[in-house]
Amino acid sequence: MTLLRRPRAALSRHRPWPLCRQCSGVALDMGSARTRAWVAGRGMILDVPTVTFPGAGAVYPIQRGAIVDTQGTARMLDRLLGHRLPRFARPVVVVTAPVLDGPAYRTQARAAVEVLRPRSVLTVPSARAVALAAGADLSRPLLVMDSGAHLTEVVLLVDGAVFDARRTALGTADIDETTPSARIGEALADMTTSMQRQDGTSLTLDALARGPLLAGGGALRPEITCRLADRLHVPLRAVPAPHTAAVRGAAKLLEAAHTHPSATGTDPPEGHPH
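Residues numbered from 1 in each chain as written. Predicted model: local features only at pLDDT ≥ 70, side-chain atom pairs only at ≥ 80, totals over all residues. Heavy atoms only, no water.

**Student:** Would you mind going over the overall build of the protein with me for this structure?
**Tutor:** Of the regular secondary structure elements, the protein holds 7 helices and 13 strands. Counting all 274 residues of the protein, 54% fall into the buried class. Summed over all atoms, the accessible surface of the protein reaches about 11800 Å², with 52% contributed by carbon and sulfur. (Helix = DSSP H or I, 4+ residues; strand = E, 2+ residues; numbered from the N terminus. Buried < 20%, exposed > 50% of the residue type's maximum accessible area, 1.4 Å probe, protein only. Areas by Shrake-Rupley, 256 points an atom, 1.4 Å probe, with all protein chains shown as cover.)

**Student:** Can you help me understand the pairing of strand E2 (residues 25-30) in this one?
**Tutor:** Of all the 6 residues making up E2, 6 are buried; the element is thus mostly covered by neighbouring parts of the structure. Neither face of E2 is open: one carries Gly 25, Ala 27 and Asp 29, the other Val 26, Leu 28 and Met 30, and all of them are buried. As paired strands, E2 and strand E3 (residues 34-39) are joined by 5 bridges and run antiparallel to one another. Within E3, the position partnered with Ala 27 by the bridge is Trp 38. (Pairing = 2+ DSSP bridges.)

**Student:** Sorry if this is basic, but what is going on with helix H1 (residues 70-81) here?
**Tutor:** For an α-helix, 3.6 residues make a turn, and residues three or four places apart therefore share a direction. Here H1 contains 12 residues, and its C-alpha end-to-end distance of 16 Å stays within 8% of the 16 Å for a straight helix at 1.5 Å per residue. Buried within H1 we find Gly 72, Thr 73, Ala 74, Met 76, Leu 77, Leu 80 and Leu 81. Two to three positions downstream of the cap, the backbone nitrogen of Gln 71 sits 3.4 Å from a side-chain oxygen, assigning the N-cap of H1 to Asp 69. (Expected span 1.5 Å × (residues − 1). Polar contact = N/O pair within 3.5 Å; in protein donor to acceptor, adjacent residues only side chain to side chain.)

**Student:** Mind showing me how you'd approach the nonpolar core here?
**Tutor:** In globular proteins that are soluble, nonpolar side chains generally tend to be buried together. Core analysis: the largest hydrophobic core is formed by 31 residues, its most contacted members being Ala 27, Val 130, Leu 142, Val 155 and Leu 157. Those elements that provide at least two residues to this core are strand E7 (92-97), helix H3 (126-134), strand E9 (142-147), strand E10 (152-158), strand E11 (161-168), strand E12 (213-215) and helix H7 (245-256). Of all the elements, H7 adds the most residues to this core, at 7 residues. Beyond its immediate chain neighbours, meaning those up to four positions away, Leu 142 contacts Ala 131, Ala 136, Val 155, Leu 156, Leu 157, Ala 207, Arg 210, Leu 213 and Arg 237. (Core = buried A, V, L, I, M, F, W, Y, C linked by side-chain atoms within 4.5 Å. Contact = heavy atoms within 4.5 Å.)

**Student:** Sorry, what's going on with the pattern of salt bridges here?
**Tutor:** Where charged atoms from two side chains of opposite charge approach closely, those side chains can pair. Enumeration over the complete set of coordinates arrives at 8 salt bridges. Residue Arg 34 is joined to Asp 47 by a salt bridge in which the shortest nitrogen-to-oxygen separation is 3.1 Å. Taken together, the positions of Arg 34 in strand E3 and Asp 47 in strand E4 (residues 43-49) put the pair 13 residues apart, joining distant regions of the chain. Among the charged side chains, a network of salt bridges with common partners joins Glu 186, Asp 190, Arg 227 and Arg 231. (Salt bridge = Lys/Arg side-chain N within 4 Å of Asp/Glu carboxyl O.)

**Student:** I would appreciate a short explanation of helix H6 (residues 222-232) in the present structure.
**Tutor:** Listed in full, the buried residues belonging to H6 are Ile 224, Thr 225, Leu 228 and Leu 232. Down the axis of H6, the smallest arc covering the buried residues is 90°, so these residues share one side. Those residues of H6 that are exposed and angled more than 90 degrees off the buried face are Pro 222 and Asp 230. Looking one or two residues beyond H6, the residue adopting positive phi is His 233, at roughly 55°. (Arc of directions from axis to C-beta.)

**Student:** What should I look at first to understand the environment of Leu 157 in this one?
**Tutor:** Looking at the element boundaries, Leu 157 is found in strand E10. Residue classification places Leu 157 among the buried residues on the basis of a relative accessible area of 0%. A C-alpha to C-alpha distance of 9.1 Å links Leu 157 and Ala 131, two positions 26 residues apart in sequence. In this structure Leu 157 touches Ala 127, Arg 128, Ala 131, Leu 138, Arg 140, Pro 141, Leu 142, Val 144 and Val 162, once residues within four positions along its chain are discounted.

**Student:** What's the story with the sheet that holds strand E8 (residues 120-125) in this structure? I'm lost.
**Tutor:** Read from one edge to the other, the open sheet built from 5 strands follows the order E4-E3-E2-E7-E8, with strand pairing classed as mixed. In this open sheet, the two edge strands, each paired with only one partner strand, are E4 and E8. Within this sheet the neighbouring strands show an average axis-to-axis angle of 20°, counted without direction. As judged from the 6 bridges shared by E7 and E8, these two strands associate in the parallel manner. Residue pairing in the sheet places Thr 96 in a bridge with Val 124 of E8. Taken strand by strand, H1 contacts E2, E3 and E4, and its axis lies near 130° from that of E2. (Axes fitted to C-alpha atoms, helices over the stretch in contact; angles between N-to-C directions.)

**Student:** What exactly am I supposed to notice about the confidence of the model for the protein here?
**Tutor:** The predicted coordinates ought not to be read in detail in places where the model reports low pLDDT. On average, the protein scores 86 in pLDDT, and the residues at 70 or more come to 84%. Of all helices and strands in the protein, the one with the weakest mean pLDDT is strand E1 (residues 3-6) (58), whereas E9 scores best (98). Low confidence marks residues 9-21, where pLDDT is under 50. Its contacts with residues over four positions away, or in another chain, come to 43 contacts. Within the model, pLDDT remains below 50 along residues 261-274, and this stretch shows 29 contacts once partners closer than five positions in the same chain are excluded. (pLDDT = per-residue confidence, 0-100.)

In structure tokens, the structure reads:
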């Protein structure tokens, strides 16, 4: 199991942004297994496999938190959303992104989303989107554990910004006889313990005492959550409908935002909220 860690760096609080009333809005959560889309005024309209068909066979353009085929991702978005948006609309698009390797993902996602002729493309860390969907109090340290089909992340949010993160390329789609589901619970517990050991403050401990927030398909599997609870001995809180939490959190940004960081659609520079 490979664990990746992002160095701790408290980021500024995310700045909200306004929704142009003349524009449509789209929230996207593109995972390696499923792509989910929420459209302003219509709600959730898509929850489909992340796949495209350029020729005779199927191609999976997103793998374990990385966009490996930008053109394929663009073709998929055009096929899924091109005919569902107003003909002359230029939508504001909010895309969730994994915390680790986020800059590369954001670059590829912005390129792929251009097929929708967006007015602006903004990204939000998946962990923050999950917290927004849960209506969590972001003024206090919060641990978000997101276990998807092929990627599992543990993220510490402080004042709503990413402070520390761990990741393993393991998810619910990997479960079989050689990789039991309890292993994901073990991986979550190991990453959390490592984060706590290396934290020179009380932030991780405070977030643990508050209770980690669980999202992704793994939050629906008792064998994962029970193993995690046995290891950590803290209360666990699953987000309602955890598998769609990230896209619902991105949709909240579309609905509630009121200041825009850029008229050009450029994300804030690295080291600032995204």
